[in-house]
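This is what each chain is made of:
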Amino acid sequence: MSGEHCKMAKTAKHTFNTQEDSAFFREKSDMALAGGDCETALFYAQKALFYDLGQSEQPQADTALDYMIFAQIFRHRGNTSKVISAYKKAYSIRKKLLGKDNPETAEILDKLAEFCRETAQYEKALQYGQDALGVYKKQFGQIHPSVAAATNNLALTYSAMGDDERALYALYPVYSLMRKLYGKQNEKTADIANNIGAVLNAMQMYKKALVWHNRALKTRAEIFGEYTPCVAQSYNNIAVVYYNLKNLDTAFEYYKKALDSILMVHAQGERELPITENNMALIHYNRGEETAALELLSKSYRDMVAAVGVTHPDAKRIKEHLRLAFRAGGKGESDFAAWSNALLNKPL
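Owing to the predicted nature of the structure, the values given are computational and were not obtained by experimental measurement.

Draft legend 1. Up close: the environment of Leu33. Along the chain, the position of Leu33 falls in helix 2 (residues 22–34). Placed 43 residues apart in sequence, Leu33 and His76 show a C-alpha to C-alpha distance of 8.4 Å. Ignoring anything within four residues of it in the chain, the contact list for Leu33 reads Cys38, Ala41, Gln72, Ile73 and His76.

Draft legend 2. Seen up close, the packing of aromatic side chains. This structure, assessed with the given rule, holds 13 aromatic pairs. Where Phe43 meets Tyr44, the ring centres are 5.2 Å apart and the plane angle is 75°; that geometry is what we call edge-to-face. Taking relative accessible area as the criterion, Tyr44 reaches 19% and is therefore assigned buried. Note on Tyr175 and Trp212: the rings are 4.9 Å apart at their centroids and 85° apart in plane angle, and the pair reads as edge-to-face. Residue Tyr175 is located in helix 9 (residues 164–182), and its partner Trp212 is located in helix 11 (residues 206–224); the two are separated by 37 residues in the primary sequence.

Draft legend 3. Highlighting the side chain of Asp66. The residue Asp66 is located in helix 4 (residues 61–77) in this model. For Asp66, a relative accessible area of 1% gives the class buried.

Draft legend 4. Layout of the nonpolar core. One finds Phe70, Ile73, Ile192 and Ile196 to be the most contacted residues of the largest nonpolar core, which totals 95 residues. Beyond its immediate stretch of four places on either side in the chain, Phe70 contacts Leu42, Ala45, Gln46, Leu49 and Ala86.

Draft legend 5. Just the state of the cysteines, in detail. Applying the stated rule across the entire model yields zero disulfides. No disulfide involves Cys38; its nearest neighbouring cysteine sulfur is the one of Cys116, lying 20 Å away.

Draft legend 6. Looking closely at the confidence of the model for the chain. Per-chain confidence: the chain averages 88 in pLDDT, with 92% of residues scoring 70 or above. Element-level mean pLDDT values for the chain span from 39 in helix 1 (residues 3–13) up to 97 in helix 11. Low pLDDT, under 50, characterises residues 1–19; the stretch is placed with 19 contacts to residues that sit more than four places away or in other chains.

Draft legend 7. Here's a closer look at the packing of helix 4 against helix 5 (residues 80–98). Where helix 4 contacts helix 5, the axes come no closer than 8 Å and their chain directions differ by 165°. Between helix 4 and helix 5, the angle falls in the class roughly antiparallel. For helix 4 against helix 5, the interelement crossing comes out left-handed. For the pair formed by helix 4 and helix 5, the contact residues are Ala61, Thr63, Ala64, Leu65, Tyr67, Met68, Phe70, Ala71, Gln72, Phe74 and Arg75 on the first element and Lys82, Val83, Ala86, Tyr87, Lys89, Ala90, Ile93, Arg94 and Leu97 on the second. Broken down by class, the residue content of the contact of helix 4 with helix 5 amounts to 14 nonpolar, two polar and four charged.

What counts, and at which threshold
- Residues numbered from 1 in each chain as written.
- Predicted model: local features only at pLDDT ≥ 70, side-chain atom pairs only at ≥ 80, totals over all residues.
- Heavy atoms only, no water.
- Helix = DSSP H or I, 4+ residues; strand = E, 2+ residues; numbered from the N terminus.
- Contact = heavy atoms within 4.5 Å.
- Phe/Tyr/Trp six-rings, centres within 6.5 Å; stacked < 30°, edge-to-face > 60°.
- Buried < 20%, exposed > 50% of the residue type's maximum accessible area, 1.4 Å probe, protein only.
- Core = buried A, V, L, I, M, F, W, Y, C linked by side-chain atoms within 4.5 Å.
- Disulfide = S-S within 2.5 Å.
- pLDDT = per-residue confidence, 0-100.
- Axes fitted to C-alpha atoms, helices over the stretch in contact; angles between N-to-C directions.
- Parallel < 35°, antiparallel > 145°, perpendicular 65-115°, else oblique.
- Left-handed = near helix turned anticlockwise from the far one by under 90°.
- Nonpolar A, V, L, I, M, F, W, Y, C, P; charged D, E, K, R; others polar.

Given below as structure tokens:
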């Protein structure tokens, strides 16, 4: 933080209401971000940081929380370099205050690993993930939720890198550990079953993938009911398997169930909505229903950009599908560039 910002913080310290401390501002920032209002979220995050810096010459534990909120805001905006910078600042503060082998310090390594995986920085994701796992094992031993979660994150990175056998080798013990810690009918156990199904699907072991995805679906539906985002995710994943089996009618049915579930809980700001729209559009496209495909892909792209930003890998992937559907009508790349830009400028 610049000297000018420190000066602002010290001045502001004397004017803040005693009840409106940094925790209050962080909560306001979180609420704004949950509503998709990045500007307001950033405003309150800056207030929290100014307040915390005004309390001491040296960064305190709350300052690390401030930088973690900045990382979330920049993540929503799709600003990769600022996300990593904010997380690194938070990590540096916790490392100084708590030590590098503290689980709260390792928590930030976990977040860095997750973000690097999402942005295809796989080698960094592996390093951060392995470092976090090492801390958790050192502090907690082998049987602990943090160890299970960190191992799961590493498995997801292996899968994203195309090393599905290594991912599966890591996930089976995590599932057993989750059952031991939480029981069979638990959302965290179901999440691992879901991940195993996704890896088996990537390995083209479709029948086994369906078994694991249906296991996850059954548990999630029993816990949360049918109309929840996680149940929609399971429907989506089952549909993907049927799509890969060339059973387009059944795949479309499950995509429709996923869409109904998402819309019932008004989760338009979530990634599941545009992902489902994209997948349904691909079925339209494969059926030769190009107009329907283009219409649904247009909505999918706008919804995904609104949720995660234009630079996010999921937004780029949907844009590529949109390009193929658009150019199938015989139009050129320059036409698509102008049309897709205009598409984003239309009100939602």
